[in-house]
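# Structural characterization, general
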Number of protein chains: 2
Amino acid sequence: MSTVLVTGATGFIGSAVLCCLADSRRDALHAVSRTGAPAGPGRAGCTWHAADLLQPGQAARLIATVRPTHLLHLAWTAEPGRYLTAPENFAWVRASLELLEAFQAAGGRRAVLAGSCIEYDWSAGRCVEERTPLSYASPYAACKNAMRELLAAMAARHGFSWGWGRVFLLYGPREPERKLVASVIGSLLAGQPAQCSEGSQQRDFLHVADVATAFVTLLRAEYDGIVNIGSGCAVSVRELVTTLGRLTGREDLLRFAPPPATPEAPLVVADTARLRDTLGWRPRFTLAEGLADAVRWWQSQRQSA
Amino acid sequence: MSTVLVTGATGFIGSAVLCCLADSRRDALHAVSRTGAPAGPGRAGCTWHAADLLQPGQAARLIATVRPTHLLHLAWTAEPGRYLTAPENFAWVRASLELLEAFQAAGGRRAVLAGSCIEYDWSAGRCVEERTPLSYASPYAACKNAMRELLAAMAARHGFSWGWGRVFLLYGPREPERKLVASVIGSLLAGQPAQCSEGSQQRDFLHVADVATAFVTLLRAEYDGIVNIGSGCAVSVRELVTTLGRLTGREDLLRFAPPPATPEAPLVVADTARLRDTLGWRPRFTLAEGLADAVRWWQSQRQSA
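Residues numbered from 1 in each chain as written. Chains lettered and ligands numbered in written order. Predicted model: local features only at pLDDT ≥ 70, side-chain atom pairs only at ≥ 80, totals over all residues. Heavy atoms only, no water.

Our next topic: the sheet that holds strand β4 (residues 70-73) of chain B. Residues and elements named next belong to chain B. One open sheet accounts for seven strands, arranged β3-β2-β1-β4-β5-β7-β12; its pairing is parallel. The sheet is open, and its two borders are formed by β3 (46-50) and β12 (225-229), each paired with just one other strand. If you compare each strand with its neighbour and ignore which way they point, the axes differ by 20 degrees on average. Sheet topology places strand β7 (residues 161-167) next to β12; five bridges connect them, and they run parallel. (Pairing = 2+ DSSP bridges. Helix = DSSP H or I, 4+ residues; strand = E, 2+ residues; numbered from the N terminus. Axes fitted to C-alpha atoms, helices over the stretch in contact; angles between N-to-C directions.)

Printed below as a string of structure tokens:
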């Protein structure tokens, strides 16, 4: 039996991961967030802890209490519109090192951390693990790339296994309201115009529930290394947003900006051979099904509000 | 007027750097080591501080006290025969991040950190900044490379300037006795056989006093980036050791091992165009003069012992 500790457990991905793990009942499940258990009905089979991992000493105390065999470390700065340049990125490297050092000292066996497609140089288009050039342009990109290098070196030094899930774009229930899909759905359901970019850029979007099963698959795998977490399919932002218009019956409210002076990277899509073929993961949602699910969830939120 | 803080100030490079800086009287000079000022006559014009930077909170307290405009951060794990794989490498990334975060928050203007030729993939031979492939093979290499990426990103984010001195091999007065040049001289002066490797591998050796002036030059420069610190000249270990034999008159005590089953990298030498041409640094010692200086220093140590 494994003892799993999930950090960032009240976050967008963390909440979805906890659903998968709590369902499975194969593990003793521990979750940590700054404030402990979220409000609302508790999830059966999960022990909550309150800790601010950015405060020196708290990670070590948490690990000493839980003694996890498996660590899924999702906590990081993620505030929309700010996380790319936030100085907290550096503090999260510090905090994550402390967490990993305590984890290995307590006999931890496997650590999986969350990375991001932002680690790649976006001029590449299709992003392939270990082959596509990396970017260190923003504090977020530099800190995530450095963190992965440190994780790999520490795992090799101390003999624990590791995974690094590079998440592409995502959406779904409980998405922060300032993110693309949530904000467009929010505007359309409120009967307000949805301001969108010109939208020809192609991106890789995956439903958060599928992101969660990918992380759980990676946590349970014996694979050491980086794994892209994406759909593997590119869709233009314009097409995605238009689908949301159709699903809500409010295509009339979509407003596309003129092409920007500095064009965005035309294509960013995950190569998912490793996730699908090596790890055997399959998504539950197609993009159309996933977006419909997201719209339904926001509709139910409005009705219960 | 600048306020300079030197960490690792009792170390091999740190002691030599302090000599240069104390001579100049252009700066308010502060030095830190775990135990504070070393025993012996104090160096005029230097304020010593005792702090264990690996303990959370101590770096921030030190910076609040000194408020340096210039930081020369040399402290790191360096124990001969152990530093490459020491788990403390990861703790030094953590500690250095805390130091840099406090430094920038206190208005620090320029930070220079010590890197190493071990960051390079040694199959390259002549190592050129930003061009030669890097290695993340050992904890030391991975941590130094990650630290440099973090420094560059933090400096860009917060608007301070930075330098990264990649030190090649070095020798000179006060070298730790288990390192190559010190141990060979020690054996020869004691009249004992000096066990050496086969010695055909070519390396780049620089006298520690020249390493120190290179760091001081880099600290005072306005150059942002990585700078190799080496002589730019390759010498075989056999030739270097033979010179030490001649200088001590004890060539008869040199013992060269047979070629190893796994040959060492045949050539590791610094490209020093950046250090010489961009920064205008010049060494004081040729290799022959430097080795003679080292032998004289060890002889004087034996006579005064």
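That shown, we press on.
The transformation that overlays chain A on chain B combines an axial shift of 0.0 Å with a rotation of 180 degrees, and the residual RMSD is 0.0 Å. What the rotation and shift describe, once combined, is the action of a two-fold rotation axis. Both copies share a contact surface, since 100% of the interface residues of chain A are interface residues in chain B too. (Least-squares fit on C-alpha atoms with pLDDT ≥ 70 in both. Contact = heavy atoms within 4.5 Å.)

Take the pattern of salt bridges next. Under the counting rule described, the total for this entry stands at 22 salt bridges over all chains. A salt bridge links Glu101 of chain B to Arg94 of chain A; the nearest nitrogen and oxygen atoms lie 2.8 Å apart. Note that Glu101 of chain B is positioned in helix α3 (residues 88-105) and Arg94 of chain A in helix α3 (residues 88-105), a pairing that runs across two chains. The exposure classification of Glu101 of chain B matches that of Arg94 of chain A, with both residues buried. Residues joined by salt bridges that share partners form a network here, namely Glu79, Arg82 and Glu88 of chain A. (Salt bridge = Lys/Arg side-chain N within 4 Å of Asp/Glu carboxyl O. Buried < 20%, exposed > 50% of the residue type's maximum accessible area, 1.4 Å probe, protein only.)

Bringing the sheet that holds strand β7 (residues 161-167) of chain A into the picture now. All names here are of chain A. Spatially, β3-β2-β1-β4-β5-β7-β12 is the arrangement adopted by the seven strands of the open sheet, whose pairing is parallel. Each of the sheet's edge strands pairs with one partner strand only, and the pair in question is β3 (46-50) and β12 (225-229). Averaged over all pairs of adjacent strands, the angle between strand axes in this sheet comes to 20 degrees, irrespective of strand direction. Bridge count between strand β1 (residues 2-7) and strand β4 (residues 70-73): four bridges; the pairing is parallel. Bridging across to β4, Leu5 finds its partner in Leu71. The strands that helix α1 (residues 12-24) touches are β1, β2 (27-33), β3, β4 and β7; relative to β2, the one it contacts most, it runs at about 160 degrees.

Tallying the contact residues gives 22 residues for chain A and 22 residues for chain B. Here chain A packs against chain B, burying approximately 1900 Å² in sum over the two surfaces, 72% of which is carbon and sulfur. Among the residues chain A hides against chain B, the three largest losses belong to Phe90, Arg94 and Arg157 of chain A. Together they make up 32% of the total. One can count two salt bridges joining chain A with chain B. There are four residue pairs in polar contact (both at pLDDT 80 or more) connecting chain A and chain B. Counting only elements with at least two residues in the side of chain A that touches chain B, the list comes to α3 and α4 (139-158) of chain A. Among the elements that line the side of chain A that touches chain B, the one with the most residues is α4 of chain A, at 10 residues. (Buried area = accessible area lost by both parts, 1.4 Å probe. Polar contact = N/O pair within 3.5 Å; in protein donor to acceptor, adjacent residues only side chain to side chain.)

All names here are of chain B. Locating Val211 in the fold gives a position in helix α6 (residues 208-220). You can call Val211 buried: its relative accessible area is 0%. When the C-alpha atoms of Val211 and Ile185 are compared, they prove to be 20 Å apart, with 26 residues separating the residues in sequence. Every residue in contact with Val211, bar those within four places of it in the chain, is listed here: Ile13, Val167, Leu170, Leu206 and Ile229.

With that settled, the discussion passes to the confidence of the model for chain A. Of the residues in chain A, 99% have a pLDDT of 70 or more, and the chain-wide mean is 95. Reported for the predicted complex are a pTM of 0.95 and an ipTM of 0.93. (pLDDT = per-residue confidence, 0-100.)

Below, the discussion takes up the nonpolar core. Membership of the largest hydrophobic core comes to 87 residues, with the highest contact counts inside it found for Val93 of chain A together with Val93 of chain B. If we ignore the near neighbours within four places in the chain, the residues touching Val93 of chain B are Leu97 and Leu150 of chain A together with Trp76, Cys143, Met147 and Leu150 of chain B. If you look at the next biggest cluster of nonpolar residues, it comprises 35 residues, including Ala9, Val17, Leu29 and Phe215 of chain A. (Core = buried A, V, L, I, M, F, W, Y, C linked by side-chain atoms within 4.5 Å.)

Turning our attention to the environment of His73 of chain A. Residues and elements named next belong to chain A. Here His73 lies in strand β4. Separated by 68 residues in the primary sequence, His73 and Leu5 have C-alpha atoms spaced 7.9 Å apart. In this structure, His73 is in contact with Thr7, Leu53, Trp92, Ser96, Leu99, Val112, Leu113 and Ala114, ignoring residues within four places of it in sequence.

What follows covers the packing of aromatic side chains. For the structure shown, the criterion picks out 10 aromatic pairs over all chains. Ring geometry for Trp297 of chain A versus Trp298 of chain A: centroids 4.9 Å apart, planes at 85 degrees, classification edge-to-face. Judged by its relative accessible area of 18%, Trp297 of chain A is buried. Under the relative-accessibility criterion, Trp298 of chain A is labelled buried at 11%. On the basis of an interplanar angle of 85 degrees and a centroid distance of 4.8 Å, the ring pair of Tyr83 of chain B and Tyr140 of chain B is categorised as edge-to-face. In this pair, Tyr83 of chain B is assigned in the loop between β4 and α3 and Tyr140 of chain B in helix α4 (residues 139-158), connecting sequence segments 57 residues apart. Given a relative accessible area of 16%, Tyr83 of chain B falls into the buried group. A cation over a ring is seen here: Arg166 of chain B above Tyr120 of chain B, with NZ or CZ 4.4 Å from the ring centre. (Phe/Tyr/Trp six-rings, centres within 6.5 Å; stacked < 30°, edge-to-face > 60°. Lys NZ or Arg CZ within 6 Å of the ring centre and 35° of its normal.)

Another point: a nonpolar patch on the surface. Together, Tyr136 of chain A together with Leu134 and Tyr136 of chain B give the surface a local cluster of nonpolar side chains, amounting to about 220 Å² of exposed area. Among the secondary structure elements, Tyr136 of chain B is positioned in the loop between β6 (126-127) and α4. Residue classification places Tyr136 of chain B among the partly exposed positions, given a relative accessible area of 30%. (Patch = residues over 30% accessible without salt bridge, like charges linked within 9 Å, V, L, I, M, F, W, Y side chains within 5 Å. Areas by Shrake-Rupley, 256 points an atom, 1.4 Å probe, with all protein chains shown as cover.)

What follows covers unusual backbone geometry. The residue Arg174 of chain A is not glycine, and still its phi comes out positive at about 70 degrees. Relative to the helices and strands, Arg174 of chain A resides in the loop between β8 (169-171) and α5 (180-189).

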